[in-house]
2 protein chains.
Amino acid sequence: MASKHFLTLQNMSKAVIEAEYAVRGTMSIKAGKLQKDLSQGKQFPFSEITECNIGNPQVFGQHPFTFNRQVLSAVINPELLSSNVYHKDVLKRAETYLKNVPHGLGAYSDSQGFRMVRENVARYIENRDGGVKANPDNIYLTDGATFGLHVSLQTVLSGPNDGVMLPIPQYPLYTALLSLNQAQKVPYYLNEEQGWRVSSESLQKSYDEATRSGTNVRALVVINPGNPTGQILSEEEMQDIVAFAHKNKLVLMADEVYQKNIYKEGAKFTSFKKVVAESRKYPIDLVSFHSTSKGLMGECGIRGGYFELHNIDEEVHQQIHKLRTMYLCPNTTGQVLCDLMVSPPNAQNYASEVYEQFRKEEQGIFDSLKYRAKLVTQFLKSMKNVSCNEVEGAMYAFPRIHLPKKAIEEANSRNLKPDLFYTMEGKIL
Amino acid sequence: MASKHFLTLQNMSKAVIEAEYAVRGTMSIKAGKLQKDLSQGKQFPFSEITECNIGNPQVFGQHPFTFNRQVLSAVINPELLSSNVYHKDVLKRAETYLKNVPHGLGAYSDSQGFRMVRENVARYIENRDGGVKANPDNIYLTDGATFGLHVSLQTVLSGPNDGVMLPIPQYPLYTALLSLNQAQKVPYYLNEEQGWRVSSESLQKSYDEATRSGTNVRALVVINPGNPTGQILSEEEMQDIVAFAHKNKLVLMADEVYQKNIYKEGAKFTSFKKVVAESRKYPIDLVSFHSTSKGLMGECGIRGGYFELHNIDEEVHQQIHKLRTMYLCPNTTGQVLCDLMVSPPNAQNYASEVYEQFRKEEQGIFDSLKYRAKLVTQFLKSMKNVSCNEVEGAMYAFPRIHLPKKAIEEANSRNLKPDLFYTMEGKIL
């Protein structure tokens, strides 16, 4: 019988079908069923379900910064400027935006994002990177990091033989975006035994294998701090990665959305921008991504962020600009939030009560994230048949479950992958 | 000499390069130069530049609704709920959101959008369409209509021979998105002499020509009210279009973002959803788009909107859901704004001062848009060598400039298209 629909799985985009994204998988269906059973009063050894498959801190009680939300509300409704509901420093900050964005949040902005925000992002990057210059013209504000990745990958990939190197374990958006672009995934493996380190040897091995099988490797994605693996790269490792990208003519895409989530004692975040800019030997093409969804504000729903182009060909830059323009502009609330992320209140220009409240909230969030990173690792390590690397940064632990032979046999007999079998059962047989 | 960049025009995405979008064109460069000259004090017969290439009402002094901005500000900063800065009905409305969205605007929402907003959108559609049922599960909230178009076209197009029918004149996003998807543009021509009407004959002619040259026509885009042509389709025309889509097995994509912008006396907006649902003979696949950027609120920068799937295959629907999920969620401020669009304050449930202020603002915006639609048409018609159809709806006039032979010859001699020559010169020779 003919379908009663014109558009079917048979004649729709194959690239969309092939894009894997764990949304309607076995796990997610089971979670949905458990949630429903719970709400209907069915008894379980637990009373609520906690979705840990994505970093979404405000779901777990993390509060937004008081200062940020006050400023945002006054920019959205400038009537508040003439009320006495906020501290005058809050109103002053809101006024700064309204002066620089005379048409307010309701007009389309420059497609690249408000100029004043891009200038502040550039200043933030320069301070972070010890003075290495940043140019507002190379900065694009986005609705979260996802949009920036989408635009960058779409620009780089020129055909079905093109491939991009991705860390394994990875954040699943990358493979999904590559499928959508009908491009090749070139996995490189992080070394779990060595704390999820990446070596130039393993990078070169993956590159060579892909090249031998006909893939034209075009770009290398690095996630630092690691998602979902939580390691922090050292400057030496980063220099090796940059040298590798240079040797093989790869565009480096640096996902640095967890740059503020550094918990390991003595560790610090170094940006790829800094490493590339300071290494005169390896002037590689670089795109770096940041977001308002992570860090300490965790404002996932507002959708803000930016990407920075470094050493990108001017004609290619114009093409990226055109692509960005097609999608009009990033949402303006997220743009203001991005500004609040890169230029928070400081002791010099803000009344002590405003600054102190901000600082206290920031410290509280950081301490809590750091404490939980430690707690979860300790807990996982205390479990039988579970091992886990230290969470040095970011927001995730990535444990290894050592399944006994019997469990693996049982999984096989049910035609399930052992890890899926474990997560569905919730215990080892 | 080898390029110092790895990524160049030669090895980047051809699809991106081929996507045309008037962003760095001759006109736009000239406008930028004039703007700079003006700001440096150079004298011209004009004192400011008005960018009319995109509907951006708040740039031209249109105010956002007081009620909407008050509610949004209190949802963004719930501290305001305990202040006395707003009317209690404003606070009540804000509380409704915070009750239904317990984690606030800072958490990722359901990828499809807040359930309560989708329920209100469904209710709005049912009221608009005289009771035709709408299902919240078929509604996807978006950041403006653009994202919905992007997702829909990407889903439909399965290869380089697939094509989509587009009205000419059109909104340039469509051709750009088709280029990005490496698909064929199948233009159909609106009849200027007959007030930009579309006939089934002209549709069939375009379809047949494309088919003959090897294009597999998959979808038909209709923009109603027309952008940039301003005509409003009658129900009869719509029935013809639906019959045409059915006959040729085309997915219908209905861009209805100007559904509230109806100025012609006696005219009313009818949705394709209603026409399709009521025509049992032609149960075609339909996707309809709406936006918070246009209508009477004109909140372009906030980025809100929705699309509705009607009669879409369940497996295809799941693929669209997956694609939406990859991009996490639409910005939450835009989602609340979308709710405010579909369920504005009414006389029954709101204090008269709140309702009356809203109503007055709404009437003021509508009257002003309608007045300007008439004014600009009259003005264009009064110009020598210019003709223009009545602006029945939407936000644009699309005049015809009748260039004398001498001007066309001069344009040709300068190797310029006559219309570009005219716009660059600003006058007819």
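See the structure shown above.
Cut-offs applied
- Residues numbered from 1 in each chain as written.
- Chains lettered and ligands numbered in written order.
- Predicted model: local features only at pLDDT ≥ 70, side-chain atom pairs only at ≥ 80, totals over all residues.
- Helix = DSSP H or I, 4+ residues; strand = E, 2+ residues; numbered from the N terminus.
- Rg over C-alpha atoms; globule rule 2.2 N^0.38 Å.
- Buried ≥ 20, exposed ≤ 12 C-beta atoms within 10 Å, placed from the backbone.
- Contact = placed C-beta atoms within 7 Å.
- Least-squares fit on C-alpha atoms with pLDDT ≥ 70 in both.
- Nonpolar A, V, L, I, M, F, W, Y, C, P; charged D, E, K, R; others polar.
- Pairing = 2+ DSSP bridges.
- Axes fitted to C-alpha atoms, helices over the stretch in contact; angles between N-to-C directions.
- Parallel < 35°, antiparallel > 145°, perpendicular 65-115°, else oblique.
- Left-handed = near helix turned anticlockwise from the far one by under 90°.
- Expected span 1.5 Å × (residues − 1).
- Arc of directions from axis to C-beta.
- Right-handed = clockwise from strand over helix to strand, strands pointing away.

(A) Quick peek at the overall build of chain A. Summing up its helical and strand segments, chain A has 15 helices and nine strands in all. The C-alpha radius of gyration computed for chain A amounts to 23 Å, which stays within 12% of the reference 22 Å derived for 429 residues, consistent with globular compactness. The principal-axis extent of the C-alpha atoms belonging to chain A is close to 70 × 60 × 55 Å. When the 429 residues of chain A are sorted by exposure, 48% land in the buried category. Sequence separation of 24 or more characterises 66% of the internal contacts of chain A that already satisfy a separation of 6 or more.

(B) Just the relation of the copies chain A and chain B, in detail. Between chain A and chain B, which share one sequence, the superposing operator has a rotation angle of 180 degrees and an axial displacement of 0.0 Å; the RMSD is 0.1 Å. Between the two chains, the operation in question is that of a two-fold axis. In terms of C-alpha distance to the rotation axis, chain A has A:Ser73 as its closest residue, with the C-alpha 2.1 Å off the axis. Residue by residue, 100% of the interface of chain A is reproduced at the interface of chain B, so both copies engage with the same surface.

(C) Molecular detail of the interface of chain A and chain B. Every contact between the two is made by 79 residues of chain A and, on the other side, 79 residues of chain B. Sorting elements by how many residues they give to the side of chain A that touches chain B places helix H11 (residues 314-326) of chain A first, with nine residues. When its residues are assigned to classes, the side of chain A that touches chain B shows 36 nonpolar, 31 polar and 12 charged.

(D) Structural view of the sheet that holds strand S1 (residues 139-142) of chain B. All names here are of chain B. The mixed open sheet is built from seven strands, whose spatial order is S1-S7-S6-S5-S4-S2-S3. Strands with a single pairing partner mark the edges of an open sheet, and in this sheet they are S1 and strand S3 (184-189). Between one strand and the next, the sheet's axes are offset by a mean angle of 20 degrees, whatever the strand orientation. Sheet analysis places strand S6 (residues 286-291) next to strand S7 (residues 305-310), joined by six bridges and oriented antiparallel. Note on S7: the bridge partner recorded for Phe289 is Phe307. Helix H8 (residues 200-212) rests against strand S2 (162-168), S3 and strand S4 (216-223) of the sheet, and its axis sits at about 150 degrees to S3.

(E) View of the sheet that holds strand S2 (residues 162-168) of chain A. All names here are of chain A. Reading across the sheet, the seven strands line up as S1-S7-S6-S5-S4-S2-S3 and stay open at both edges, with mixed pairing between neighbours. Each of the sheet's edge strands pairs with one partner strand only, and the pair in question is strand S1 (139-142) and strand S3 (184-189). Shown here is a sheet whose adjacent strand axes are inclined to one another by a mean of 20 degrees, direction ignored. Packing against the sheet, helix H8 (residues 200-212) makes contact with S2, S3 and strand S4 (216-223), and its axis sits at approximately 150 degrees to S3.

(F) Region of the structure containing the environment of B:Ile302. Residue placement: B:Ile302 occurs in the loop between S6 and S7. A residue is classified by how many C-beta atoms lie within 10 Å of it, and B:Ile302, with 30 of them, is buried. Along the chain, B:Ile302 and B:Ile29 lie 273 residues apart, while their C-alpha atoms are 27 Å from each other. Here B:Ile302 is in contact with A:Leu105, A:Gly106, A:Asn331, A:Thr332, A:Thr333, B:Thr292, B:Thr333, B:Gly334 and B:Leu337, once residues within four sequence places are set aside.

(G) Representation of the packing of helix H6 (residues 144-156) of chain B against helix H7 (residues 173-180) of chain B in the model. Residue and element names in this part refer to chain B. Orientation of H6 relative to H7, taken along the N-to-C sense of each, is 40 degrees, at an axis distance of 10 Å. Between H6 and H7, the angle is such that the two are oblique. Considering only the axes of H6 and H7, their crossing is right-handed. Contacts between H6 and H7 pair Thr146, Leu149, His150 and Leu153 from the former with Leu173, Leu177 and Leu178 from the latter.

(H) How the structure looks around unusual backbone geometry. Here the bond from A:Asn227 into A:Pro228 is cis, since omega is 10 degrees, no more than 30 degrees from zero. With respect to the helices, strands and loops of the structure, A:Pro228 is situated in the loop between S4 and helix H9 (235-247). A cis amide bond links B:Asn224 with the next residue in sequence, B:Pro225, at an omega value of -10 degrees. On the secondary structure map, B:Pro225 appears in the loop between S4 and helix H9 (235-247). The phi dihedral of A:Asn311 is positive, around 60 degrees, even though this residue is not glycine. With respect to the helices and strands, A:Asn311 occurs in the loop between strand S7 (305-310) and H11. Owing to 19 C-beta atoms within 10 Å, A:Asn311 belongs among the partly exposed residues under this scheme.

(I) Representation of helix H5 (residues 115-128) of chain B in the model. All names here are of chain B. Between its first and last C-alpha, H5 extends 20 Å over 14 residues, near the 20 Å set by a 1.5 Å rise per residue. For H5, the complete set of buried residues consists of Val117, Arg118, Val121, Ala122, Tyr124 and Ile125. Within H5, the buried residues cover an arc of 160 degrees as seen down the axis, which keeps them to one side. On its buried side, H5 packs onto S1, helix H10 (272-278), S7 and helix H12 (332-342). Just downstream of H5 lies Gly130, where phi reads positive at about 65 degrees.

(J) Geometry of the packing of helix H3 (residues 66-76) of chain A against helix H12 (residues 332-342) of chain A. Residue and element names in this part refer to chain A. Axis separation between H3 and H12 bottoms out at 10 Å; the angle between their running directions is 140 degrees. In terms of crossing hand, the pair formed by H3 and H12 is right-handed. Counted together, Asn68, Val71, Leu72, Val75 and Ile76 of H3 and Thr333, Val336, Leu337 and Leu340 of H12 form the full contact between these two elements. Looking at the contact of H3 with H12 residue by residue, the class counts come to seven nonpolar, two polar and no charged.

(K) Fine view of the pairing of strand S5 (residues 251-255) of chain A. All names here are of chain A. Counting buried positions over the five residues of S5 gives five, a clear majority of the element. Here S4 pairs with S5 via five bridges, running parallel. Pairing of Leu220 across the sheet is with Leu252, part of S5. Chirality of the crossover, the property in question, places the unit of S4, H9 and S5 among those that are right-handed. Where S5 lies against strand S6 (residues 286-291), four bridges are found, and the strand directions are parallel. The residue bridging Leu252 from the neighbouring strand is Leu286, located in S6. For the segment spanning S5, helix H10 (residues 272-278) and S6, crossover handedness is right-handed.

(L) The arrangement of helix H3 (residues 66-76) of chain B in detail. Here H3(B) lies mainly inside the structure; 10 of its 11 residues are buried. Turning to H3(B), its buried residues are B:Phe67, B:Asn68, B:Arg69, B:Gln70, B:Val71, B:Leu72, B:Ser73, B:Ala74, B:Val75 and B:Ile76.

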